[in-house]
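A closer look at the structure
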Amino acid sequence: MAPTPSPPFSAPVPALRDRPAAAASHPPTGILGVAVLGSTGSIGRSTLEVIATSGGRFRPHLLAAHTSVGPLLDQARLHRPAWIVVTDAAAAATIGADALPAGTRLAVGPEALDDLVGAPEVDRVVSAIVGAAGLRSTLAALDAGKTVALANKETLVMAGALVMRLAAARGAVLLPVDSEHSAIHQALRTGTADEVVRVILTASGGPFRTRSRESLAGVTPEEALCHPTWSMGPKITIDSATMMNKALELIEARWLFDLPPEKLAVVVHPQSVVHSMVEFVDGSVIAQLSPPDMKLPIQYALSHPHRLDGPARRLDFLAGLRLDFEPPDPVRFPSLRLGHEAAARGGTAGAVLNAANEEAVGAFLAGKMRFTGIADACSRVLDGHAYQADPSLDDIRRLDAWARQEVVKWVSA
Ligand code: NDP
Ligand code: MG
């Protein structure tokens, strides 16, 4: 089970922007040791590309995957980390004695990962495991006082209040990798908290932005896995198609930046060049622009408070750049309403929504649920759960399991 940290969980939730930035010196000095959790995934692979092109500023200390043993060993041979961790014991058992490169050791299981993320050689932890499975190692890293580059949005969706309290209690720092939150983080640096009027998250609208509600019921997993602007892992790609990804990101932003939910808005921006915006009291709107390429927000979270040259694509203003914006359609994409609701309710709402969604996405990918059934199932489970305003980690785990069972029952009914 996940480590059970013992922070003062009743303390007020601190805002990310209120915390002191790491001591800044320019140019940055010293080599930072990085633990990449989920190194075989889309974010993990992009992280290794950022590290490989950093001119030695970052050194991979630990790479972790679940079952992708072959790709993980390839990464180990290329990047020579001190440790690789395979969280699935059966997959780890297939690794032969002579498969590891010299200087790399193997550890097995989630408990080993919890221990190793706290090692003194780890300066930054990239949390890029997909889904609820990413929560425990993120908690372990925060418990050890690490700086965490957070891609796993599910961590904050499930347990935002607990996570932010733990980070504050341990002096740990959370830096967003999600491109919208990275943009917001950058924009917030231009003003103070009480000057913020609105935070506007942009959404690509996904592959079905212009499809009718009726035609959405029949879309296939293959169609939903074709994202128009981003190349990502399968779960988040389906979330983008239902716009549940934006729903989860509203909740993520609410906790990460300690924002009142009524200050959060979503606008559809099909080109995915403006990654999000902050509107201040004087009417100024500060946006962050760049081509859709996760290497930039990953690098920002690794190099913060500095900026470095890097491998991310550059924006060409003279190559027919077009920026369109339109309102989201909550009728065709009802997930958005669920995101606003869960962000406003807090408590157990995020964990239940996240678990129901993970299970429903799995069912859709397995051909057992219609595309439009995902939001329907989530809505039903969210409405029917025994809400708690200030849950413990155990309460969250219990409701996570309950929500999954409810979706399974619904699928098999
Ligand atoms: P992928 O599916 O591409 O990769 C997932 C990674 O997690 C793999 O390394 C996988 O290992 C590992 N993993 C899966 N299950 C477990 C488990 N039970 N225990 C330990 N490790 C596990 O996902 P993405 O890279 O797309 O996304 C990762 C996270 O980042 C998600 O939370 C997503 O929402 C977030 N994110 C992703 C973006 C993107 O562009 N991809 C953008 C913004 C946020 P294995 O290969 O062995 O299965
Ligand atoms: Mg995002």
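Going by the structure above, here's the rest.
The following paragraphs examine the structure supplied in this document. (Residues numbered from 1 in each chain as written. Chains lettered and ligands numbered in written order. Predicted model: local features only at pLDDT ≥ 70, side-chain atom pairs only at ≥ 80, totals over all residues. Heavy atoms only, no water.)

**Considerations on the packing of helix 6 (residues 154-170) against helix 14 (residues 349-365)**
- Viewed as axis vectors pointing N to C, helix 6 and helix 14 meet at an angle of 150°, and their least axial separation amounts to 7 Å. Comparing their axes, helix 14 and helix 6 come out roughly antiparallel. Together, Glu154, Val157 and Met158 of helix 6 and Gly350, Ala351, Asn354 and Glu358 of helix 14 make up the contact between the two elements. (Axes fitted to C-alpha atoms, helices over the stretch in contact; angles between N-to-C directions. Helix = DSSP H or I, 4+ residues; strand = E, 2+ residues; numbered from the N terminus. Parallel < 35°, antiparallel > 145°, perpendicular 65-115°, else oblique. Contact = heavy atoms within 4.5 Å.)

**Regarding the environment of Ala389**
- Tracing the sequence through the fold places Ala389 in the loop between helix 15 (371-384) and helix 16 (393-412).
- Measuring from C-alpha to C-alpha, the distance between Ala389 and Gly38 comes to 31 Å, with 351 residues separating the pair along the chain.

**What to know about unusual backbone geometry**
- A cis geometry characterises the amide bond from His304 onward to Pro305, with omega recorded as 10°.
- Mapped onto the elements of the fold, Pro305 is located in the loop between helix 12 (295-303) and helix 13 (335-345).
- Here the phi dihedral of Arg80 falls at roughly 50°; this positive angle occurs in a residue that is not glycine.
- In this structure, Arg80 sits in the loop between helix 2 (69-79) and strand 3 (83-86).

**A short note on the coordination of the magnesium ion (ligand 2)**
- Surrounding the magnesium ion (ligand 2) are the protein donor atoms Asp178 (OD), Glu180 (OE) and Glu249 (OE), at 2.1 to 2.2 Å.
- Of note, the magnesium ion (ligand 2) draws all its donor residues from one chain, in the sequence arrangement D-x1-E-x68-E. With a gap of 71 residues between them, Asp178 in the loop between strand 7 (173-176) and helix 7 (179-188) and Glu249 in helix 11 (residues 244-256) connect regions that are remote in the sequence.
- Residue Glu249 is classed as buried on the basis of its relative accessible area, which comes to 0%. (Donors = N, O, S within 2.8 Å, 3.2 Å for Na, K, Ca; no water. Buried < 20%, exposed > 50% of the residue type's maximum accessible area, 1.4 Å probe, protein only.)

**Regarding the packing of aromatic side chains**
- Evaluated as defined, the whole model comprises 2 aromatic pairs.
- The interplanar angle of 80° and the centroid separation of 5.2 Å between the aromatic rings of Phe208 and Phe371 together place this pair among those described as edge-to-face. In this pair, Phe208 is assigned in the loop between strand 8 (196-203) and helix 8 (213-216) and Phe371 in helix 15, connecting sequence segments 163 residues apart. Phe371 shares its class with Phe208; the two are buried.
- On the basis of an interplanar angle of 65° and a centroid distance of 5.6 Å, the ring pair of Phe364 and Phe371 is categorised as edge-to-face. Considered together, Phe364 and Phe371 belong to a single accessibility category, that of buried residues. (Phe/Tyr/Trp six-rings, centres within 6.5 Å; stacked < 30°, edge-to-face > 60°.)

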